[in-house]
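What follows is each chain in one-letter form.
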Amino acid sequence: MKNEPGQKPRAIFATRFGAIAAIVGSSVGLGNIWRFPYEAGIHGGGAFLICYLVCVALLGIPVMCAEFAMGRGTRRNIFGAYKKLRPTGKWQLSGYIGILASFLIISFYSVVAGWTVEFCIQSAMGSIDFTGAEANHEQFLTLITGWRSVIWTVVFLIINFVVVSGGVTKGIERMANVMMPLLFLLLIAFCVNAFFMPGFNEGIAFLFKPDFSKLTPSVILGALGQAFFSLSLGLGCMMTYSSYFKEDTRLASTAATSALLDTSVAILAGIIIFPAVFSFGLSPQAGPALVFEVLPYVFSQLPGGMMWATLFFLLLFLASITSTVSMSEISISYFCDEKKLTRRKATLLSASVAFAGGLLCALSFGPLSEATLFGMTAFDLFDYTASNILLPVGGFICAIFVGWKVDRKFLANQMTNHGRHSFPLLGALRFCLRFIAPTAILLIFLNSLGLL
Ligand code: TRP
């Protein structure tokens, strides 16, 4: 690979397992365990789940393949990938959407990741409160409105950028290899535990039994946003990571495996949360607080609850790091490739922007709670703008670009590794990218804006 002056050769994930672990590491995170249950809770459970699954299969996997093809085929960041494939035209501007969205997401994400640090430490010290709905709620409120949350946001961001500065393959790949399987096992153990809860049937019915009367445009948009968020799509994250893939990595099977694992983790999280919600007579519509108020109950049911709680929040914290690392990589690889900054400078620059955004979001539960725009605090606004607007728009542009603007042979070469194996679904993938994905995203979008 050609070296840019003053830069190291582009890193490559060492093994196939490592590449999948890094992709799964990026996609599995707070999006699955914190965001999915609360979105499902707000949007009526089963109906949301069905929309979500359809979005993952019909829009998520094809767009992921498109991002992979662009990333591995060009070995560039999002901006550079568009530029290399279409030097003329304005396509590369969508790189800015990706970079902006990555900063918005990292800002609110670090705040929630900071909560996991606090809960982990509190559990380890045995001071987490298990005593009842009121106490859990109070405990959560005290945390998010206080200074500790701001401090943990900053600490989380520092850890994130230290890991990032270690580089892609060493830091990220190694961490993801060990942690992802461990998190999966722990979730399965908690699921078994959920089976014994009094609210098991009710919780499972809420999650799996669709009530189609609840299907509104905002539910469908929420499911689309959640699918893109959870699969880390729409802002060039997967594009950037796939630029570190080996030539013989199979793109379609990597996309399908990652989507399957990511979706399983979200469903496992739902199976853990909702039986507990109904067992303790809580409301599934608690929003971002849901997981943090419900999980202490789950742990209190287990022998050695504090130990489980500590381990769980530790893994959730690590899963968040592997996700924020992938978000940070978007802007860092942009600054390195396009602006020719050294990795160190690029990391510092990205970190500064992320710190500013993170502080704004952390303070939006305390001193800045009155500072709202469109009725939303910085935290909600960042989440809404990035997840429900920028990610679908980014995915839409990527689908159109690969479907219509890029040579068919380019996609074919990437999906078959230059003819080394067959990929019978090429036609279907292209059809999806040309017609289904853009139309569906557009319809959902216009519909939710009330324009349809
Ligand atoms: N997918 C991650 C999660 O579920 C979050 C994430 C990482 C992300 N990289 C992203 C979301 C890029 C959108 C785009 O927690």
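In this text, all values refer to a predicted model and were calculated from it rather than measured experimentally.

1. Things to note about the overall build of the chain
Secondary structure summary: the chain contains 18 helices and zero strands in total. Against the 2.2 N^0.38 benchmark of 22 Å for 452 residues, the chain shows a C-alpha radius of gyration of 21 Å, consistent with a compact globule. When the backbone C-alpha atoms are referred to their principal axes, the chain occupies close to 60 × 50 × 40 Å. Here the chain holds 452 residues, and 59% of them are scored as buried. Counting contacts in the chain only where the partners sit at least 6 residues apart, residues at least 24 apart contribute 83% of the total. Carbon together with sulfur atoms contributes 68% to the accessible area of the chain, which is approximately 17300 Å² in total.

2. Side note on helix H4 (residues 78-85)
Among all positions in H4, only Ile78, Phe79, Gly80, Ala81 and Tyr82 are buried. Contacts made by the buried residues of H4 are with helix H3 (46-74), helix H5 (94-124), helix H11 (237-242), helix H14 (305-339) and helix H16 (378-405). Two to three positions downstream of the cap, the backbone nitrogen of Phe79 sits 2.9 Å from a side-chain oxygen, assigning the N-cap of H4 to Asn77.

3. Digging into the site of the ligand
Close to the ligand lie 17 residues; Ser27, Gly31, Tyr109, Phe229 and Ser232 are nearest. Within the backbone of Ser26, a nitrogen or oxygen atom sits 3.3 Å from a nitrogen atom of the ligand. Interatomic distance of 3.1 Å between a backbone N/O atom of Ser230 and a nitrogen atom of the ligand. For the ligand, whose free accessible area comes to 360 Å², the fraction covered by protein is 100%. Among the elements of the structure, helix H1 (16-27), helix H2 (30-42), H5, helix H10 (217-230) and H14 are those that each provide at least two residues to the shell around the ligand. For the shell around the ligand, the residue count by class is eight nonpolar, nine polar and no charged.

4. Some details on the confidence of the model for the chain
In this model, the chain carries a mean pLDDT of 89, and residues with pLDDT of at least 70 account for 95%. Across residues 1-7 the pLDDT falls below 50, and counting only partners more than four positions away or on other chains, this stretch makes nine contacts in the model.

5. Some points on a nonpolar patch on the surface
Together, Ile50, Val54, Leu58, Phe212, Leu215, Trp404, Phe431, Phe435 and Ile436 make up a nonpolar patch on the protein surface, roughly 780 Å² of accessible area in all. Only H3 and helix H18 (426-448) provide two or more residues apiece to the nonpolar patch. With respect to the secondary-structure elements, Leu58 resides in helix H3.

6. Considering the nonpolar core
Judged by nonpolar contacts, the single largest core of 151 residues is most densely connected at Trp34, Ile105, Trp115, Phe312 and Met415. When near neighbours in sequence (up to four residues on either side) are disregarded, Ile105 contacts Phe229, Leu235, Met327, Ala386 and Leu391.

7. Details of the packing of helix H12 (residues 251-279) against helix H13 (residues 290-300)
The contact between H12 and H13 brings their axes to 9 Å, and the two run at 75°. It follows from the interaxial angle that H12 and H13 lie roughly perpendicular. Of the residues in H13, those in contact with Ile272, Ile273, Phe274, Ala276 and Val277 of H12 are Leu290, Val291, Val294, Leu295 and Val298. When grouped by side-chain class, the residues that make up the contact of H12 with H13 number ten nonpolar, no polar and no charged.

Rules used throughout
- Residues numbered from 1 in each chain as written.
- Predicted model: local features only at pLDDT ≥ 70, side-chain atom pairs only at ≥ 80, totals over all residues.
- Heavy atoms only, no water.
- Helix = DSSP H or I, 4+ residues; strand = E, 2+ residues; numbered from the N terminus.
- Rg over C-alpha atoms; globule rule 2.2 N^0.38 Å.
- Buried < 20%, exposed > 50% of the residue type's maximum accessible area, 1.4 Å probe, protein only.
- Contact = heavy atoms within 4.5 Å.
- Areas by Shrake-Rupley, 256 points an atom, 1.4 Å probe, with all protein chains shown as cover.
- Polar contact = N/O pair within 3.5 Å; in protein donor to acceptor, adjacent residues only side chain to side chain.
- Near = heavy atom within 4 Å.
- Nonpolar A, V, L, I, M, F, W, Y, C, P; charged D, E, K, R; others polar.
- pLDDT = per-residue confidence, 0-100.
- Patch = residues over 30% accessible without salt bridge, like charges linked within 9 Å, V, L, I, M, F, W, Y side chains within 5 Å.
- Salt bridge = Lys/Arg side-chain N within 4 Å of Asp/Glu carboxyl O.
- Core = buried A, V, L, I, M, F, W, Y, C linked by side-chain atoms within 4.5 Å.
- Axes fitted to C-alpha atoms, helices over the stretch in contact; angles between N-to-C directions.
- Parallel < 35°, antiparallel > 145°, perpendicular 65-115°, else oblique.

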